[in-house]
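Residue-level listing of the chains:
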Amino acid sequence: MKQFREAVEARDEQAMRDLLADDVVFTSPVAFKPYPGKAITSAILRGVMRVFEDFRYVREINDAGGRDTALVFEANVNGKAVTGCDFIHVDDNGKIDDFMVMVRPLSGAQALAEAMGAQFDQIAAEAAAETARGTN
């Protein structure tokens, strides 16, 4: 998913949002239940951009059919090093319909959970505002 990687590396929130399917499902590395929908997924991605420091993709793995991509990343969260992977699946229209993130080590995942927890009121408010505008 070259376009998504480029959007993230450019910190282009609108380009990231434009690549999401309306029915995208985001699976967090620190929350039990997945988050369905474009509004909440784009708000979560904005929140992640606020908490990750020195974010960089270090590896990209693609399936032969071009519908599944794994983007390995490194970052810091509140002084803790995090290595993770974005597992992305695209639908028939080339839009991201499944987005799952995994991170390690446990100390990094805990730092991420704490940092994202502090962001979640803002994330929920952004998603609600986007839904109210009808831009989901």
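Each remark here, short or long, concerns the structure printed above.
As a starting point, this report considers the structure included with it. (Residues numbered from 1 in each chain as written. Predicted model: local features only at pLDDT ≥ 70, side-chain atom pairs only at ≥ 80, totals over all residues. Heavy atoms only, no water.)

### What about helix α1 (residues 2-9)?
- Inspection of α1 places Phe4, Arg5, Ala7 and Val8 among the buried residues, and these make up the whole buried set. The arc that holds every buried residue of α1, seen down its axis, measures 160°, which confines them to one face.
- Buried residues in α1 make contact with α2 (13-18), α3 (38-51), β3 (53-62), β4 (68-77), β5 (80-90) and β6 (96-104).
- Among the residues trailing α1, Arg11 stands out with phi positive, at a value near 60°. (Buried < 20%, exposed > 50% of the residue type's maximum accessible area, 1.4 Å probe, protein only. Helix = DSSP H or I, 4+ residues; strand = E, 2+ residues; numbered from the N terminus. Arc of directions from axis to C-beta. Contact = heavy atoms within 4.5 Å.)

### Details of the pattern of salt bridges
- This model, assessed by the stated rule, comprises ten salt bridges.
- Put simply, Glu6 and Lys2 hold a salt bridge, and the shortest N to O gap is 3.7 Å. You can see Glu6 and its partner Lys2 sitting in helix α1, four residues apart, about one turn around the helix.
- By relative accessible area, Glu6 is classed as partly exposed at 42%.
- Here Arg46 and Glu130 are joined by a salt bridge, their closest N and O atoms 3.9 Å apart. Linking Arg46 in helix α3 with Glu130 in helix α4 (residues 106-132), this pair joins segments that are 84 residues apart in sequence.
- Taking the relative accessible area as the measure of exposure, Glu130 reaches 2% and is therefore buried.
- A cluster of three or more residues bridged by salt bridges with shared partners is formed by Arg17, Arg46, Arg50, Glu126 and Glu130. (Salt bridge = Lys/Arg side-chain N within 4 Å of Asp/Glu carboxyl O.)

### So, the nonpolar core
- Among the nonpolar cores identified, the biggest contains 38 residues, and Phe4, Ile44, Ile88, Ile96 and Phe99 are the most heavily contacted of them.
- Elements that contribute at least two residues to this core include exactly α1, β1 (20-27), α3, β4, β5, β6 and α4.
- Sorting elements by how many residues they give to this core places α3 first, with eight residues.
- Filtering out sequence-adjacent residues up to four positions away, Ile44 remains in contact with Phe26, Tyr35, Met116 and Ile123. (Core = buried A, V, L, I, M, F, W, Y, C linked by side-chain atoms within 4.5 Å.)

### Things to note about the sheet that holds β5
- Spatially, β2-β1-β6-β5-β4-β3 is the arrangement adopted by the six strands of the open sheet, whose pairing is mixed. Unpaired on one side and paired on the other, β2 (35-36) and β3 mark the two borders of the sheet.
- Each of β3, β4, β5 and β6 touches α1; the most contacted strand, β3, lies at about 170° to it.
- Contacts from α4 reach β2, β4, β5 and β6 within the one sheet, and its direction differs from that of β5 by about 75°. (Pairing = 2+ DSSP bridges. Axes fitted to C-alpha atoms, helices over the stretch in contact; angles between N-to-C directions.)

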